[in-house]
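Letter by letter, the chains look like this.
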Amino acid sequence: MLFVNCVTYCSGKEILAAGTSCGRIAMWKMVFQSGSTKSDTKIQWKLQAPTEIQGNVTQLEWNPNLNLLAANNSYTALTLSEHVLSAHFNQQVAAVQVSPTQLSVSRFSREMHLALQSDSHIKGVCGTKESLIVWSGKQITVYDISETALRTSGSFTCDSHVVAVHGENLYTVEPSRVQIRTPQGTVKQLLTFSKTEGNPVLLSVCQSYLIVGTDTAHIRVFDLSRRDARAHSSAKNLAEFIPNLGDLSSVKCNANGSQVSILITRENGKPDHKVYFYDVEMDTITHFDFFSGRPSSGITPSEDGDRHQLEGTELSGRCPISHFWDESEPRLFVCETVPVSSESSSPVPVDGADVSVVTLFCTQEHGLLLHDCYLKPAVLQSLLAMDVPYYYFICKPGERDPSCQSEAISPHLHLSPKSPIAPKMVSRRALRDFVGLENCEKTTRDAMLNFSFYLTIGDMDEAFKSIKLIKSAAVWENMARMCVKTRRLDVARVCLGNMGNPRAAKALKEAEVEPEAEAQVAMLAIQLGMLEDAEKLYKSCQRYDLLNNFYQASGDWLKALELAETHDRIHLRTTYYNYAKYLESLGKKAQAITFFEKSESHRVEVPRMLQDDTSSLEIYVNKMRDKNVYKWWAQYLESQSDMDAALRYYELAQDYLSLVRVFCYMGNIQKASEIANDTGDRAASYHLARHYEGHDDIKQAVHFYTRAQAYNNAIRLCKENSLDDQLMNLALLSNPEDMMEAARYYEEKGTHMDRAVALYHKAGYVSKALELAFATEQFSALQLIAEGLKEGSDPALLARCSDFFITHAHYEKAVELLVAAKKYQEALELCVSQNLDVSEELAEKMTVTESKDMSEEARKELLERIADCCMRQGNYHLATKKYTQAGNKLKAMRALLKSGDTEKIVFFANVCRQKDLFILAANYLQSLDWRTDPEILKTIIGFYTKGRAPELLAGFYEACAQVEIDDYQNYEKALDALTEAYKCLSKAKDTSGKQEVKLSNMQHKITLIKKFVHVRRLYVENAAEAVRVCEALLEEPDLDPAVRVGDAFGFLVDHYCQQGQYQVGYRRLEELQKLLPSQNLRYYINPTSLEALQREMGVILDHSEQKVIMKDDDEVMEELNESHS
């Protein structure tokens, strides 16, 4: 019984380990199963090769930093270290470690497969076509490869952890140097490294060049083509050129030693997302960033920009894990990449088809050129090498690659009788450019490589030069396949011509109508059998209609239906129909019916499909209960002379025409008439009418023609049979042509002329109707026709009708017709003579906007006449509008002044900005209550100023001053107003000589008012002096109206009352009464002073009589009370 005793998990390596009771340690690695998208991944646990120890495993513990696992088996503690299985490929010999002590060896040049069992744990392996070198970290063993077995040719002790081989020389490392040994271990040469250069830790050989990487990130290239190894380049310190460099992970050189590719880990221990390239001759470093999908410099040819942009998108978000150069082609580089979630994260282990194999051309002239991006199949584990024309992959343990089944049973397979049986672990796949050309000769292979290179850089001349001598159709077909990947349709046309494939050439020519280049390339891929590429291309350009057709042509109907339902719904019914036809061809009629119904073509297609199986068809018809299907079945029954059944199904289909037709055929005219009358079906009524006409039943024929709305046939019968009464009604229901024919019939017959006039009018022949109405004196019809006349009618006809209305005293209608006839003067004269109101609508109709109709002078005259008419009618706003349109703004302002619309008057004056209009508007505003509205006062002053009328403005200021004196006794404001008036008057230009007199008089008034204002101000400081000056002012001649006498006496009376000199005050009051006997004293005297005088002097001032009456004290009080009430 097996028990699991303990479990431990290493988060850094994502490995779960479990110890069992039988001494085994089982391990599971967490992998991500790739879905349809990068984000759609699922976590799975994949079982790894188990490790066996003795005893019962009771405890396990990880050390993630050192990749160690500690195990306790109850007897002792063991430390297990992780070892990555070794693999190597060189000169068509591949060796892959399948267990700690076993190797699987394949020699592809001779199709041999051998197994090697080592006596010690294998730490690494390398080889050539003649020998295989295996080392354990303590000992190195050399095996010769023979036809049937591996034989030991040498073994020696060496603790080098890395070994390389070239020819018969072995290369090992020790501190500060590389040793060159013979197969027996003898040191032939030492390659020393300085302390700065560090200790060698990485070795790699390609052709005759050795690349060495040190622990201080230095690299050196050595030339091995001679007897002794010589330096091909000086030591290069990569840390000076690569920021955040931690350690070198892997270094490889190309076949001629001109380029070195480098993988590194950063300072944080995580792999870098870039592959670095060191150009030995130019001593420069470039890189390709797989996270961004872009190289370090712009290398993309402009004509292939779109293609590279797409492939760059596919390459982005990835990280390289291995890299190789082709063993013979120095330009060709391949790299294996896996996806990463972010720029700072480590590669994600993915179990599926999300590992990309990227091929690049690397040259000194053109830099890095993307050649191909190949998704590694899921059954393969990792990339081992590239040797044109193949990629070489390591197969997953326990899984077999279907593409190499034939190789597994090859008759050339040799196994040593003493050797253990090991599975074949290496599978090869042809490069994209060499599919079908795997066994071509070297000349063809070189030509294909050159063609691919020049095609990549866009040099078409060189590309065609490289293949001009090739005659093989297979080679041209392969190049056409390359054109699908590179999307070079121009090259593809040449390839198809050399292939002799006219059908593909024609299909490609027809595909040129598609606007998307991807759709054209997809058609090329279809013709070459590259169906997966065609599908991807259609998806990339989102041509789901073409992809749908592609699926249908491929017989992949499930995908076609799904695509039509999600992305190509415009062709959904067509897809259903085509699939139904496909099912019908397979004999699956039940399923075909379902999809015919979905395509909504079942009404025709299902009866057609089932026409040979009448019983099934009848069942389907009764099941569907569809009118169209019922009709089809009824027609079939009718063709079989089963009239009763046909009538029943025609009735179910509600096909009344067919019912009437069959009943007429059977002679049941009464039933047919009932159906036509009850349903009102036009087709049925028409058929029945034709039947009655054929049997000379004119009345019924006219009736059913009318129900069928076939009025022309009904009218024809009425004319032929003199049915004049019905003819009029039918003509009015029909179209204008039929009305015209009926009217002509009445006119030729000479009877019912009123009907002829009405029909001509209804048909739109107004002139003909009027002419006939005048000729036959149809005045009622004439009035009806004239009312419908409009501006577009014949002017002569309009004038004639207007005369008719004037004769019959319909003046308003006559005016409208005259205006429509553009006889505006006559229309206006009629309005004036008959005192007709000119509405705004009528005025607008008479307003001519275009000068083509009349001259500009005539137009203005017409507008002024319209305005004059509006003035007489009191429509001042409309008159203003017409005067303005005529250009007579002065008359327009006068009309507006009569309207009394202050707001519009102000607006019009501001818009016109004419002096006369400003003056008119200001004069009008003076008639308003400007004393209480400051805005009006301000507008008056502004208008007089804009109108340049200083005399009028001075008169307005003088009026303002008088108002201040009379109403408010405010001599200060009056003085200011008179001062402004004086300024304005002084600016006026007067040639008559009266201006000097006006100025002199105004100056005198200003002087008097100044004195009175001075008296009031002086009173506060010196009352006696103020009284004296006031007394002197009363002696001035012409004091009034500059200073009202009452105001001067009032000042004195108030003063004497305040001083208690009531006798003096009363005398001054009597003097005022003598000077102004008819004035009310309260206008001038303060009421308080009046009351004090009445009280002190014992008098009553009768304001109505302006007299002083002496009374008793009681009578005085009563009079005062009455005056207050």
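Anything mentioned here points back to the structure above.
Residues numbered from 1 in each chain as written. Predicted model: local features only at pLDDT ≥ 70, side-chain atom pairs only at ≥ 80, totals over all residues. Heavy atoms only, no water.

A. Main features of the sheet that holds strand 14 (residues 131-135). Strands sit in the order 13-14-15-16 across an open sheet of 4 strands; the sheet is antiparallel. Across the chains shown, the open sheet's two edge strands, defined by having one partner strand only, are strand 13 (124-127) and strand 16 (150-157). Strand-to-strand twist of the sheet, defined as the mean angle between neighbouring strand axes without regard to direction, takes the value 20°. Bridge count for strand 14 against strand 15 (residues 139-145) is 5 bridges, and the pairing is antiparallel. Residue pairing across strands places V134 opposite T141, the latter belonging to strand 15. (Pairing = 2+ DSSP bridges. Helix = DSSP H or I, 4+ residues; strand = E, 2+ residues; numbered from the N terminus. Axes fitted to C-alpha atoms, helices over the stretch in contact; angles between N-to-C directions.)

B. Just the pairing of strand 34 (residues 356-363), in detail. Counting buried positions along strand 34 yields 8 of 8 residues, so the element is predominantly enclosed. Residues of strand 34 alternate between two faces, with S356, V358, L360 and C362 on one and V357, T359, F361 and T363 on the opposite face, all of them buried. The pairing of strand 32 (residues 332-339) with strand 34 spans 6 bridges and is antiparallel. Along strand 34, the bridge assignment pairs L332 with F361. Joining the antiparallel neighbours strand 34 and strand 35 (residues 367-375) is a turn of 3 residues. (Buried < 20%, exposed > 50% of the residue type's maximum accessible area, 1.4 Å probe, protein only.)

C. Structural detail: the packing of aromatic side chains. Inspection of every chain in the model, using the stated rule, returns 29 aromatic pairs. Between Y374 and F393, the ring centres sit 6.2 Å apart and the planes meet at 40°, which makes this aromatic pair tilted. Of the two residues, Y374 sits in strand 35 while F393 sits in strand 37 (residues 390-395), which places them 19 residues apart along the sequence. F393 gets classed as buried once you look at its relative accessible area, which sits at 0%. (Phe/Tyr/Trp six-rings, centres within 6.5 Å; stacked < 30°, edge-to-face > 60°.)

D. Layout of the pairing of strand 16. Both strand 15 and strand 16 contribute to a ladder of 7 bridges, which runs antiparallel. Paired with V142 across the two strands is G154, which belongs to strand 16. Hairpin geometry of strand 15 and strand 16 is characterised by an intervening segment of 4 residues between the two adjacent antiparallel strands.

E. Layout of the packing of helix 16 (residues 627-639) against helix 17 (residues 643-652). Contact geometry of helix 16 with helix 17 gives a least axis separation of 8 Å together with a crossing angle of 165°. If you check the angle between helix 16 and helix 17, you find them roughly antiparallel. Taken as a pair, helix 16 and helix 17 cross one another with a handedness that is left-handed. Contact residues: helix 16 offers K627, Y630, K631, W633, A634, Q635, L637 and E638, while helix 17 offers M643, A645, A646, Y649, Y650 and L652. (Parallel < 35°, antiparallel > 145°, perpendicular 65-115°, else oblique. Left-handed = near helix turned anticlockwise from the far one by under 90°. Contact = heavy atoms within 4.5 Å.)

F. Broad picture of the sheet that holds strand 19 (residues 177-181). Across the sheet, 4 strands lie side by side as 17-18-19-20; this open sheet has antiparallel pairing. Either end of the sheet is taken by a strand with one partner, and the two such strands are strand 17 (163-166) and strand 20 (187-192). Ignoring which end each strand starts from, the neighbouring axes of this sheet average 25° apart. In terms of strand pairing, strand 19 meets strand 20 through 5 bridges, oriented antiparallel. Its bridge partner being in strand 20, R177 is matched across the sheet by T192.

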